Amino acid sequence: MGWTPLYLEMQDKNVLVVGAGEVGQRRARRFLDSGANVIVSGGHIPPELRELGAIYQPRSELPKWIKWADLVVVASGDPQLNQKVSELAKDKLINRADYPEEGNIIVPSSFSIKDVQFSIFTQGKSPLMARELRKRIQAVIHEEDILKMELQHFTRQLLKEKIHGQKNRRDYLYQILNDKKINELLDKGELEEAQAYVTFLLETPD
């Protein structure tokens, strides 16, 4: 297994999507949502993708746009075209929707709950199970978990100003995570009250 999970910063990167079917549209939307510049070649671009910023270019100009792209997504229904594009883009980051293992970028099943992102990759064995696992994960993540994350972020910023040493800060973060009063506040959705209490604890001498 040579794959390893990574997140790419796509803001202002150039993405060429070859194919405008269901998969191509889904890939285009994902990269547009990430702030990328997206060109779609082939097929019909729905109005909502155009509104998000997708631009159509004809297939006759593919070599030009492959050169322009930082990432090439191959998602057409034409196997010969897919292979041709893959060969032209061999020195690029390339995601192949037809044969993922022949590209060097996988676009996994993913979803977000507030600022927490989850990705599921089954090595191509079962897209259906990727969707089922996604449902299970979504079912066990609660609002309280998200509030704990927000409070940990808030606390980390305070600790950087007040507590020296990464280990000392980590120990304090664990104390906050397990503090009974803080958890009671978060159970009631009272994030601001929990933040005020953390601030009070940090300002109160031992």
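Heads up: the structure comes first, above all this text.
Below, the structure is looked at part by part. Quick caveat: nothing in here was measured; it's all calculated off a predicted structure.

### Let's talk about the pairing of strand β5 (residues 93–96)
Where strand β4 (residues 71–74) meets β5, 4 bridges bridge the pair, whose relative direction is parallel. In the strand pairing of β5, leucine 71 is matched with leucine 93. Handedness of the crossover joining β4 and β5 through helix α4 (residues 79–88) is recorded here as right-handed.

### Things to note about the pattern of salt bridges
Note that side chains of opposite charge can pair when their charged atoms are close. Scanning the model with the defined rule gives 7 salt bridges in all. Note that lysine 114 is salt-bridged to glutamate 143, the shortest N-O span being 3.5 Å. Of this pair, lysine 114 sits in the loop between β6 (109–113) and β7 (116–120) while glutamate 143 sits in helix α6 (residues 143–162), and the two are 29 residues apart along the sequence. Judged by its relative accessible area of 55%, lysine 114 falls in the exposed class. Of the residues examined, glutamate 143 reaches a relative accessible area of 45% and is grouped as partly exposed. Glutamate 144 serves as the salt-bridge partner of lysine 148, at 3.5 Å between the closest nitrogen and oxygen. Of this pair, lysine 148 and glutamate 144 both sit in helix α6, 4 residues apart, which is roughly one turn of that helix. With a relative accessible area of 23%, lysine 148 lands in the partly exposed category.

### Some points on empty space enclosed by the protein
Enumeration according to the criterion identifies 1 cavity of 30 Å³ or more in this entry. The space that makes up the largest cavity amounts to roughly 30 Å³. Surrounding the largest cavity, Lys148, Leu151, Gln152, Ile176, Leu177, Ile182, Asn183 and Leu186 form its lining. At the level of secondary structure, the elements contributing two or more residues to the lining of the largest cavity comprise α6, α7 (166–178) and α8 (180–187). Looking at the lining of the largest cavity, its residues break down into 5 nonpolar, 2 polar and 1 charged.

### Structural notes on the sheet that holds strand β3 (residues 55–56)
The parallel open sheet is built from 5 strands, whose spatial order is β3-β2-β1-β4-β5. The sheet is open, and its two borders are formed by β3 and β5, each paired with just one other strand. Here helix α1 (residues 22–33) sits on the sheet in contact with β1 (14–18), β2 (37–41), β4 and β5, set at roughly 165° to β2.

### Digging into α6
With 20 residues, α6 should reach 28 Å at 1.5 Å per residue; the first-to-last C-alpha distance of 29 Å fits that figure. For α6, every residue scored as buried is listed here: Ile146, Leu147, Leu151, Gln152, Thr155, Leu158 and Leu159. If you follow the buried residues of α6, they end up packed against β6, β7, α7, α8 and α9 (191–203).

### Structural notes on the layout of surface pockets
Roughly 1700 Å³ of internal volume is contained in the largest pocket. For the largest pocket, the lining is made up of 45 residues, of which Arg30, Ile106, Val107, Pro108 and Ser109 are closest to its centre. Looking at the lining of the largest pocket, the elements that each hand over two or more residues are α1, β5, β6, β7 and α5 (127–140). Looking at the lining of the largest pocket element by element, the count peaks at 7 residues for α1. By residue class, the composition of the lining of the largest pocket is 22 nonpolar, 13 polar and 10 charged.

### Examining α4
Given 3.6 residues per helical turn, the α-helix brings residues three or four places apart onto the same face. Of the residues making up α4, those classed as buried are Leu81, Asn82, Val85 and Ser86. Seen from one end, α4 has its buried residues packed into an arc of 135°, which puts them on one side. Counted as exposed and oriented over 90 degrees from the buried face of α4: Pro79, Gln80 and Lys84. Looking at the buried side of α4, the elements it contacts are β1, α3 (62–68), β4 and β5. The residue sitting at the N-terminus of α4 and contributing the capping side-chain oxygen is aspartate 78; that oxygen lies 3.0 Å from the backbone nitrogen of glutamine 80.

### Quick look at the packing of aromatic side chains
Within the structure shown, the criterion is met by 4 aromatic pairs. Seen in terms of ring centroids, phenylalanine 111 and phenylalanine 118 are 5.0 Å apart; in terms of plane orientation they differ by 15°. Their pairing is stacked. You'll find phenylalanine 111 and phenylalanine 118 in the same group, each marked buried.

Cut-off values and rules
Residues numbered from 1 in each chain as written. Predicted model: local features only at pLDDT ≥ 70, side-chain atom pairs only at ≥ 80, totals over all residues. Heavy atoms only, no water. Pairing = 2+ DSSP bridges. Helix = DSSP H or I, 4+ residues; strand = E, 2+ residues; numbered from the N terminus. Right-handed = clockwise from strand over helix to strand, strands pointing away. Salt bridge = Lys/Arg side-chain N within 4 Å of Asp/Glu carboxyl O. Buried < 20%, exposed > 50% of the residue type's maximum accessible area, 1.4 Å probe, protein only. 1 Å grid on protein atoms, 1.4 Å probe; cavity = no way out; pocket = protein on both sides within 12 Å on 5 of 7 lines; lining within 4 Å. Points joined across faces, edges and corners; volume = space filled by probe spheres on them. Nonpolar A, V, L, I, M, F, W, Y, C, P; charged D, E, K, R; others polar. Contact = heavy atoms within 4.5 Å. Axes fitted to C-alpha atoms, helices over the stretch in contact; angles between N-to-C directions. Expected span 1.5 Å × (residues − 1). Arc of directions from axis to C-beta. Polar contact = N/O pair within 3.5 Å; in protein donor to acceptor, adjacent residues only side chain to side chain. Phe/Tyr/Trp six-rings, centres within 6.5 Å; stacked < 30°, edge-to-face > 60°.

This is a description of form; function is not addressed.
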